[in-house]
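# Close look at the chain arrangement
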Amino acid sequence: MLTLGGARSSGPFRHANIPHRPPNAPRKPALVCPAGSLRALTLAVDAGADAVYMGLKDATNARNFAGLNFDLAQARDGIAYARSRGREVLMALNTFADARAPERWFAAVDAAAGLGIDALICADTAVLAYARDHHPDLRLHLSVQASATTWEAIEFYRERYGIRRAVLPRVLTLPQVEQVCRNSAAEIEVFGFGSLCVMVEGRCALSSYATGQSPNTAGVCSPPSAVRWEDGAAGVSARLNGVLIDRYAPDEPRGYPTLCKGRFDVEGARDYALEEPTSLNTLALLPQLMDMGIAAIKIEGRQRSPAYVEQVTRVWRAAIDDCAAQPARFGVQPQWTAALGRWAEGQQHTLGAYDRPWR
């Protein structure tokens, strides 16, 4: 009998020997798009996503917002829709199980297997081990929440739990990503567009200081039960469990309040003290990412609207196809930049950690 953390000495994954893809081996990466609802899933598929990723309506996934995610009936409908069009559906089961009662997470693994999901995206080692031991044919992807930032860490998960793909945190530079691709036998997936995180994913404890609930277990950075909007003469105040996060002018756009993207008074100036709202946009890096052999490019945003999902998917579908057809002549089209700008946080783009010219 294997323990939850025990290594496999035999089994289908141990002997899989995933083919190693050397650097500078161009490949057309899969486009993996968010689905926070059945409507978003269908629009992503119709707009050209190769795969969509979804979660269940509970704390087993890291976008645990009211009104989002899937019950089992909706999941079946979404999978059927995607499969009828030759696309894949992945399930994010990427929070960390409560050690006192992990049964909810194990039941979610069983549900995913019963639905015939194409892959399960996990972070917790106990959840990975449960899937490995009870559903050995279920393809496993390592979630960004696992915070695997080195090829050695990814190889540990591959050899111990049988993961086939790893999603990299959004803190690595391009040379670091290339090193991971060169040395890991697992497929590598990177984020291409969407919200950034000031932390290495899976290691953030900011909101737990204000709310007592960790985003790594509750599934949200700011639990909705702790969020309050207060109208006043000076505008609208956003609070998290009583802590003032931001104050908006009456006509100013309001973002969902999180501690990392709040505006605070620091040494007499009121500004974003930790992270300014802006979106990662790596269209310009597509040729380099393809040369590295990246297996998939992920679009962030299960909490965003179906319109966001549709429009961002269309742009990235066109860009990936164009780059694959003419990598040496690839250039970012102005209409792509304009379209993505409408959906970027703060209407701003950045290359994030991929490009660090100050180093």
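Anything mentioned here points back to the structure above.
Residues numbered from 1 in each chain as written. Predicted model: local features only at pLDDT ≥ 70, side-chain atom pairs only at ≥ 80, totals over all residues. Heavy atoms only, no water.

## A closer look at the packing of aromatic side chains
Here the structure, examined in full by the defined rule, presents 8 aromatic pairs. Between F156 and Y161, the ring centres sit 6.1 Å apart and the planes meet at 75°, which makes this aromatic pair edge-to-face. Seen in terms of ring centroids, Y308 and W343 are 6.2 Å apart; in terms of plane orientation they differ by 80°. Their pairing is edge-to-face. Here Y308 is found in helix α10 (residues 306–325), whereas its partner W343 is found in the loop between α11 (334–341) and β15 (349–350), with 35 residues between them in sequence. The partly exposed category is assigned to W343, whose relative accessible area is 21%. Among the aromatic side chains, those forming a connected cluster through ring pairs are F156, Y157 and Y161. Over the ring of F191 we find R170, and its NZ or CZ is 4.1 Å from the ring centre. The cationic tip of K298 hangs over the ring face of Y53; the distance from NZ or CZ to the ring centre is 4.4 Å. (Phe/Tyr/Trp six-rings, centres within 6.5 Å; stacked < 30°, edge-to-face > 60°. Helix = DSSP H or I, 4+ residues; strand = E, 2+ residues; numbered from the N terminus. Buried < 20%, exposed > 50% of the residue type's maximum accessible area, 1.4 Å probe, protein only. Lys NZ or Arg CZ within 6 Å of the ring centre and 35° of its normal.)

## Remarks on the sheet that holds strand β10 (residues 243–248)
Here we have 3 strands laid out as an open sheet, ordered β8-β9-β10, and antiparallel in their pairing. Edge positions in the sheet fall to β8 (227–232) and β10, since each of these pairs with one other strand and no more. Across this sheet, the average inter-strand angle for adjacent strands is 25°, counted without regard to direction. Sheet topology note: the β8/strand β9 (residues 235–240) ladder contains 6 bridges and is antiparallel. Paired with V227 across the two strands is L240, which belongs to β9. (Pairing = 2+ DSSP bridges. Axes fitted to C-alpha atoms, helices over the stretch in contact; angles between N-to-C directions.)

## Notes on the pattern of salt bridges
A side chain with one charge may pair with a side chain of the opposite charge, provided their charged atoms come close. Under the defined criterion, the tally for this structure stands at 19 salt bridges. Across the salt bridge formed by R165 and E187, the nearest N and O atoms sit 3.0 Å from each other. Taken together, the positions of R165 in strand β6 (residues 165–167) and E187 in strand β7 (residues 187–195) put the pair 22 residues apart, joining distant regions of the chain. Here D321 ties to R317 by a salt bridge, and the two come within 3.0 Å at their closest N and O atoms. Of this pair, D321 and R317 are both found in helix α10, 4 residues apart, which corresponds to roughly one turn of the helix. Salt bridges sharing partners connect three or more residues here, namely R139, R165, E187, E189 and K298. (Salt bridge = Lys/Arg side-chain N within 4 Å of Asp/Glu carboxyl O.)

## Observations concerning helix α1 (residues 38–47)
Burial analysis of α1 places 7 of its 10 residues in the buried class, which makes it a mostly covered element. Along α1, the residues that are buried comprise A40, L41, T42, L43, A44, V45 and A47. Looking at the packing, one finds that the buried side of α1 touches β1 (30–34), β2 (51–54), α2 (72–84) and α10. Looking at the residues trailing α1, positive phi occurs at G48, about 115°. (Contact = heavy atoms within 4.5 Å.)

## Here's the deal with the nonpolar core
Of all hydrophobic cores here, the largest spans 82 residues; its most connected members are L120 and W316. Excluding residues that lie within four positions of it along the chain, L120 makes contacts with M91, L93, V109, A112, A131, L138, R139, L140 and H141. In this structure, V32, Y53, L90 and I121 belong to the second largest nonpolar core, which totals 7 residues. (Core = buried A, V, L, I, M, F, W, Y, C linked by side-chain atoms within 4.5 Å.)

## A look at the side chain of N94
When you line up the elements, N94 lands in the loop between β3 (88–93) and α3 (103–115). At a separation of 2.9 Å, a polar atom in the side chain of N94 contacts the main-chain amide nitrogen of A62. In contact with N94, other than residues within four places in its own chain, are T60, N61, A62, I121, A123, S143, Q145 and R302. (Polar contact = N/O pair within 3.5 Å; in protein donor to acceptor, adjacent residues only side chain to side chain.)

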